[in-house]
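# Architecture at a glance
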Amino acid sequence: MSTGVFSGIWISSLDWVTQPAVIVGISCLILFVLISLGGKIIMSVSANRKSAYLEGDGIGEHSFSIVVPTFNEGRSVIEKINRLRKLDYPAELLEVIFVDSSNDGTFELIKENAPNLPFQSKVLFSPRKNGLSGALDLAYSSSKSDIVMKSDCDIVMSSDILIAFSRAYTDASVGAASACGAVSDKGREKFEDGYRKLKLNDRLMESRVHSTHIFDTVATIRRELYNGVTPGITADDAELAIQAIRGGKRAILVPDANFVEELPTGKALREIKYRRAGAHLKLLFQNRDMLFSRRYGQFSMHIYPRIFALMTICPILFISGILSLSYSFANEEYWGLFGAIIVAMSTIMVCLPKQRVLLVAVSQVQVDLILGLFFILRNRNSGTWEASR
């Protein structure tokens, strides 16, 4: 009996793979894998630096302005101020610039508590209608330090993060730098944690080749390279990297600069992810003139085209492949085969939990990018301040 069942499934599978929808679906997924892995191989061959930067002592060589944008943070802003007190860096070379757009009393709390910091502080107000980009531009423009840095209110930075950044900036070729972010609850946010680990390797490799513009939310730039924040752009950290590269410098990831952030769950997290995906796509298209331009070296010739393909072509290939294969099972003749595939995949995912996390994370990213593109087309990525918690 079992032999007959397996024989029927085998015959059915041979017939199934000849369907046009299956051929299209498999072709799309093969192209998806080739673009994803092929670019990675090219990056590994092109990575001619042992490290992303030439490291110096760094301590005390650069002054920093930490910009903290706030919107209806409530008393969590006091926790941020207390965490900032623990930073290990010469006080005379550090200032914190709070820029607030709240309507819940956050501004007053900052004004009351910021003077207790052991270094200079500044409190600015930006109307909500100016959005995050307007608030950041106001704060960045008011800085007089060598390096400006963004750190959201819910970010927990390592105490030595400024030392790590300062060491990276002793390399004159570095114009912008990003820290490495981790999620606070790896058990609850295992898919996000798995994806971040995957992308961390990519960004380190890109930094060794030339630059990466996919920055985390703790981002820095040399003040003389700062050229404003484009209104409506919510991928402001990535825009800092682009400005540095256009200014003839490199934008890198600093592996020794670390922070932790707590993310919302469920629908709130997914909304943040596809809004951010849409912001990155918008920035990609706005800077498409950098594609294959010799002016920006290997970033334009290798890295940017790969990121462009990963964020535009790959999601379309992935979704098209999945939809085509799903459509091929509409005929009840293949339902038995469909059931066998589901059982096989479920077994593999149970036996290989790390691969399951990676597969789910990659799948979620493709969906986020498609939704992000949809929101761009609907002009819903306005950049207006909104509470995410």
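Please read all numbers here as calculations on a predicted model, not as lab measurements.

## With respect to the overall build of the protein chain
Secondary structure assignment for the protein chain yields twelve helices and eight strands. Counting only residues that meet the buried cut, the protein chain has 50% of its 389 residues in that class. In the protein chain, the proportion of contacts linking residues at least 24 apart, taken out of those at least 6 apart, comes to 82%. For the protein chain, the exposed surface amounts to about 18500 Å²; the carbon and sulfur share of it is 60%.

## Topic: the pattern of salt bridges
This structure, assessed with the given rule, holds eleven salt bridges. One salt bridge connects Lys-150 with Asp-152, and the closest N-O pair in it is separated by 3.8 Å. Residue classification places Lys-150 among the buried residues on the basis of a relative accessible area of 4%. Its relative accessible area of 19% is what places Asp-152 among the buried residues. The partner of Arg-306 in a salt bridge is Asp-202, and the shortest N-O contact between them spans 3.1 Å. You can see Arg-306 sitting in helix 10 (residues 297–327) and its partner Asp-202 sitting in helix 7 (residues 190–209), a full 104 residues away along the chain. Among the residues examined, Arg-306 registers a relative accessible area of 8% and is labelled buried. Given a relative accessible area of 5%, Asp-202 falls into the buried group. Ionic contacts of the salt-bridge type, sharing partners, join the residues Lys-40, Lys-199, Asp-202, Glu-206 and Arg-306 into one network.

## Section: empty space enclosed by the protein
Enumeration over the complete set of coordinates arrives at two cavities of 30 Å³ or more. Taken as a whole, the largest cavity spans an internal volume of roughly 60 Å³. If you go around the largest cavity, the residues you meet are Leu-281, Phe-285, Met-311, Thr-312, Pro-315, Ile-316, Leu-369, Ile-370 and Leu-373. Of all elements in the fold, only helix 9 (266–286), helix 10 and helix 12 (353–377) reach the threshold of two or more residues within the lining of the largest cavity. Tallying contributions element by element places helix 10 first for the lining of the largest cavity, with four residues. Grouping the constituent residues of the lining of the largest cavity by class yields eight nonpolar, one polar and no charged. Roughly 40 Å³ of volume is contained in the second largest cavity. Taken together, Lys-80, Arg-83, Leu-84, Leu-87, Ile-155, Val-156 and Met-157 make up the full set of residues lining the second largest cavity.

## Describing the nonpolar core
In this structure, Val-67, Tyr-140, Ile-221, Leu-284, Met-290 and Phe-299 are the most contacted members of the largest nonpolar core, which totals 48 residues. Mapped onto this core, the elements with two or more residues apiece are strand 2 (94–100), helix 5 (131–142), helix 7, strand 7 (219–222), helix 8 (236–246), helix 9, helix 10 and helix 12. Ignoring any residue separated from it by four or fewer positions in sequence, one finds Val-67 in contact with Ile-97, Val-99, Leu-136, Ala-139, Tyr-140, Met-149, Lys-150 and Ser-151. Grouped together as the second largest cluster of nonpolar side chains are 39 residues, Tyr-53, Phe-98, Val-174 and Ile-252 included.

## Some thoughts on the packing of helix 8 against helix 9
When two helices pack together, their arrangement is captured by the angle between the axes and the distance separating the axes. Helix 9 packs onto helix 8 with a crossing angle of 25° between their chain directions and a minimal axis gap of 9 Å. The pairing of helix 8 with helix 9 is recorded here as roughly parallel in orientation. Handedness of the helix 8/helix 9 crossing: right-handed. Note on element contacts: helix 9 touches helix 8 through Arg-276, His-280 and Leu-283, opposite Asp-237, Ala-238, Glu-239 and Ile-242.

## Overview of unusual backbone geometry
For Asn-72, which is not glycine, the phi torsion reads 50° and is therefore positive. For Phe-292, which is not a glycine, the phi torsion comes out positive at approximately 55°. By secondary structure assignment, the location of Phe-292 is in the loop between helix 9 and helix 10.

## Considering the packing of aromatic side chains
Under the counting rule described, the total for this entry stands at six aromatic pairs. Seen from their ring centres, Phe-32 and Phe-318 are 5.2 Å apart, and the 50° between their planes marks the pair as tilted. Taken together, the residues span a long stretch of sequence, with Phe-32 in helix 2 (residues 20–46) and Phe-318 in helix 10 at a distance of 286 residues. Among the residues examined, Phe-32 registers a relative accessible area of 10% and is labelled buried. On the basis of relative accessible area, Phe-318 is assigned to the buried category, the value being 12%.

## Things to note about helix 9
An ideal rise of 1.5 Å per residue puts 30 Å on 21 residues; helix 9 measures up with 31 Å between its terminal C-alpha atoms. Looking only at helix 9, the buried set comprises Leu-269, Tyr-274, Arg-275, Ala-277, Gly-278, Ala-279, His-280, Leu-281, Leu-283 and Leu-284. On its buried face, helix 9 sits against helix 8, helix 10 and helix 12.

Calculation rules
- Residues numbered from 1 in each chain as written.
- Predicted model: local features only at pLDDT ≥ 70, side-chain atom pairs only at ≥ 80, totals over all residues.
- Heavy atoms only, no water.
- Helix = DSSP H or I, 4+ residues; strand = E, 2+ residues; numbered from the N terminus.
- Buried < 20%, exposed > 50% of the residue type's maximum accessible area, 1.4 Å probe, protein only.
- Contact = heavy atoms within 4.5 Å.
- Areas by Shrake-Rupley, 256 points an atom, 1.4 Å probe, with all protein chains shown as cover.
- Salt bridge = Lys/Arg side-chain N within 4 Å of Asp/Glu carboxyl O.
- 1 Å grid on protein atoms, 1.4 Å probe; cavity = no way out; pocket = protein on both sides within 12 Å on 5 of 7 lines; lining within 4 Å.
- Points joined across faces, edges and corners; volume = space filled by probe spheres on them.
- Nonpolar A, V, L, I, M, F, W, Y, C, P; charged D, E, K, R; others polar.
- Core = buried A, V, L, I, M, F, W, Y, C linked by side-chain atoms within 4.5 Å.
- Axes fitted to C-alpha atoms, helices over the stretch in contact; angles between N-to-C directions.
- Parallel < 35°, antiparallel > 145°, perpendicular 65-115°, else oblique.
- Left-handed = near helix turned anticlockwise from the far one by under 90°.
- Phe/Tyr/Trp six-rings, centres within 6.5 Å; stacked < 30°, edge-to-face > 60°.
- Expected span 1.5 Å × (residues − 1).

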